[in-house]
Amino acid sequence: MSVTIFDQPDVQAFLREISGLDKPDGSPRAKQIIHRLMSDLFKAIDELDITPDEYWAGIAWVNELGIAGQAGLISPGLGLDHFLDLRMDAQDAALGIDNKTPRTIEGPLYVAGAPVVQGHARLDDGRDTDGQLLLMHGTVFNDAGQPVPGAQVEVWHCDTRGFYSHFDPTGVQAPFNMRRTIIADQQGRYSFRSILPNGYGVPPGSPTEKLLFALGRHGQRPAHIHFFISADGQRKLTTQINIAGDPLVNDDFAHATRDGLVPEVVEHGDAASIAAAGLEGPFA
Ligand code: MBD
Ligand code: FE
């Protein structure tokens, strides 16, 4: 038999009590947020008639998630990271800001402190020999469309097995493999060589995967490369590109693919083709 008690005055008073709403100490903002979240949770338990067994299964899962350090992994899987992006986009639009390169989520696998390189960098250490050579170049522009000399381009991606350095379960990658901070030249240009990454999958058997499977979903991402773009006096851009042609390019468990972030990939058969495209020089 299902009962609902949410609207009873004693339950409402209880919610105020657990949130410290009537206590002088603590943070007003923390109280406001917790009061709202706990109210929504109590209401959901009531309306969905969530059983104690279901509730305790949820608690066990939260503990497992924490032990695995995967709060930052299920967050994009449940769309929260993308939702924050959509809200920032809407704020920008309301301010009349037109972002030429869309933002998209950071994800949980950035590591600060990558080697700093001027102009052109090699990202990979050459040990992942399954990877196809990847050459990328670009220019950082400000809001007014002018190049930004000395802009900082932080770039990171995974290897052909979908593993990121610092998070590699096989432990074979050196620190900062496939992670660099590139300082753009006087014309705002940067370039790098690396290998084409493959897609990423959440760890098999992990609490993140278990929840996604319970929802009938998968935990895979298409091949992608992450960027932070920053410069003095400029707002930082967090974004990614996807590798065109990946079958999952529009089926990303982390919901990060966006229009404008799937650049054309040009395949070069040989060195002569690379040279003809003007990609020699720093890439040699
Ligand atoms: C990733 O590589 C990633 O970019 C995101 C957003 C989530 C999990 C793994
Ligand atoms: Fe990633």
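This one's a predicted model, so the numbers in the text were calculated from it and none came from an experiment.

Here is what the cut-offs are and how they apply
- Residues numbered from 1 in each chain as written.
- Chains lettered and ligands numbered in written order.
- Predicted model: local features only at pLDDT ≥ 70, side-chain atom pairs only at ≥ 80, totals over all residues.
- Heavy atoms only, no water.
- Helix = DSSP H or I, 4+ residues; strand = E, 2+ residues; numbered from the N terminus.
- Buried < 20%, exposed > 50% of the residue type's maximum accessible area, 1.4 Å probe, protein only.
- Contact = heavy atoms within 4.5 Å.
- Lys, Arg positive; Asp, Glu negative; His and termini not counted.
- Charge placed at Lys NZ, Arg CZ, Asp CG, Glu CD.
- Expected span 1.5 Å × (residues − 1).
- Arc of directions from axis to C-beta.
- Near = heavy atom within 4 Å.
- Polar contact = N/O pair within 3.5 Å; in protein donor to acceptor, adjacent residues only side chain to side chain.
- Areas by Shrake-Rupley, 256 points an atom, 1.4 Å probe, with all protein chains shown as cover.
- Salt bridge = Lys/Arg side-chain N within 4 Å of Asp/Glu carboxyl O.
- Donors = N, O, S within 2.8 Å, 3.2 Å for Na, K, Ca; no water.
- Domains from an automatic or database assignment.
- Phe/Tyr/Trp six-rings, centres within 6.5 Å; stacked < 30°, edge-to-face > 60°.
- Lys NZ or Arg CZ within 6 Å of the ring centre and 35° of its normal.

## Considering the overall build of the protein
Stage number 1. Assigned secondary structure in the protein consists of seven helices and ten strands.
Stage number 2. Counting only C-alpha atoms and orienting by the principal axes, one finds that the protein spans roughly 75 × 40 × 30 Å.
Stage number 3. Looking at the 284 residues of the protein, the share that counts as buried comes to 38%.
Stage number 4. Within the protein, counting contacts between residues at least 6 apart in sequence, those at least 24 apart form 68% of the total.
Stage number 5. Between the mean site of the 22 positive side-chain charges and the mean site of the 37 negative ones, the protein shows a separation of 5 Å.

## Side note on helix α2 (residues 28-48)
Stage number 1. Between the first and last C-alpha of α2 there are 30 Å, a value that for 21 residues agrees with the 30 Å anticipated at 1.5 Å per step.
Stage number 2. All of the buried residues in α2 are Lys31, His35, Ser39 and Asp46. Projected down its long axis, α2 carries its buried residues within an arc of 65°, all on one side. The exposed residues of α2 that point more than 90 degrees off its buried face are Arg29, Arg36, Leu37 and Leu48.
Stage number 3. The inward-facing, buried residues of α2 abut α1 (9-18).
Stage number 4. Looking one or two residues past α2, Asp49 carries a phi angle of roughly 50°, positive in sign.

## Section: the site of ligand 1
Stage number 1. Taken together, the neighbourhood of ligand 1 is formed by Leu73, Ile105, Gly107, Pro108, Leu109, Tyr164, Tyr200, Arg221, His224, His226 and Ala254.
Stage number 2. With respect to ligand 1, the side chain of Tyr164 contributes an N or O atom lying 2.8 Å from an oxygen atom.
Stage number 3. In the model, an oxygen atom of ligand 1 is placed 3.2 Å from a nitrogen or oxygen of the His224 side chain.
Stage number 4. Its free accessible area being 260 Å², ligand 1 has 100% of it covered by the protein chains.

## Remarks on the pattern of salt bridges
Stage number 1. A full pass over the atoms with the stated rule returns 15 salt bridges.
Stage number 2. Notably, a salt bridge pairs Glu47 with Lys43, separated by 3.8 Å at the nearest N-O pair. Taken together, the residues span about one helical turn, with Glu47 and Lys43 both in helix α2 at a distance of four residues.
Stage number 3. Note on Glu47: relative accessible area 56%, which makes it exposed.
Stage number 4. Looking at Lys43, the relative accessible area reads 33%, which means it is partly exposed.
Stage number 5. Its salt-bridge partner being Asp92, residue Arg103 comes within 3.1 Å of it at the nearest N-O pair.

## Examining the coordination of the iron ion (ligand 2)
Stage number 1. Around the iron ion (ligand 2), the protein contributes the donor atoms Tyr164 (OH), His224 (NE2) and His226 (NE2), which lie 1.9 to 2.1 Å from the metal centre.
Stage number 2. Here the donor residues of the iron ion (ligand 2) share one chain and are spaced in sequence as Y-x59-H-x1-H. Pair noted here: Tyr164 is in the loop between β4 (152-156) and β5 (179-183) and His224 is in strand β9 (residues 224-230), with a separation of 60 residues, a long-range link.
Stage number 3. Judged by its relative accessible area of 1%, His224 falls in the buried class.

## Digging into the domain arrangement of the protein
Stage number 1. Considered domain by domain, the protein is made up of domain 1 (9-50) and domain 2 (80-283).
Stage number 2. On a C-alpha basis, the centroid separation for the pair domain 1 and domain 2 is 40 Å.

## Looking at the packing of aromatic side chains
Stage number 1. One pass over the structure, following the stated rule, counts seven aromatic pairs.
Stage number 2. Taking 5.0 Å as the distance between ring centres and 80° as the angle between the ring planes, the aromatic pair formed by Tyr55 and Trp56 counts as edge-to-face.
Stage number 3. Looking at Trp56, the relative accessible area reads 55%, which means it is exposed.
Stage number 4. Here a set of aromatic residues connected by ring pairs shows up, and it is made of Tyr110, Trp156 and Phe228.
Stage number 5. The lysine or arginine in question, Lys236, covers the ring of Phe228, its NZ or CZ lying 3.6 Å from the ring centre.

## A look at unusual backbone geometry
Stage number 1. A positive phi is found at Phe176, a non-glycine position, where the angle reads about 65°.
Stage number 2. Mapped onto the fold, Phe176 is located in the loop between β4 and β5.
Stage number 3. Given a relative accessible area of 18%, Phe176 falls into the buried group.
Stage number 4. Backbone geometry at Met178 places phi at a positive 60°, although glycine is not the residue there.
Stage number 5. You can see Met178 is positioned in the loop between β4 and β5.
Stage number 6. On the basis of relative accessibility, which here comes to 0%, the residue Met178 falls in the buried class.

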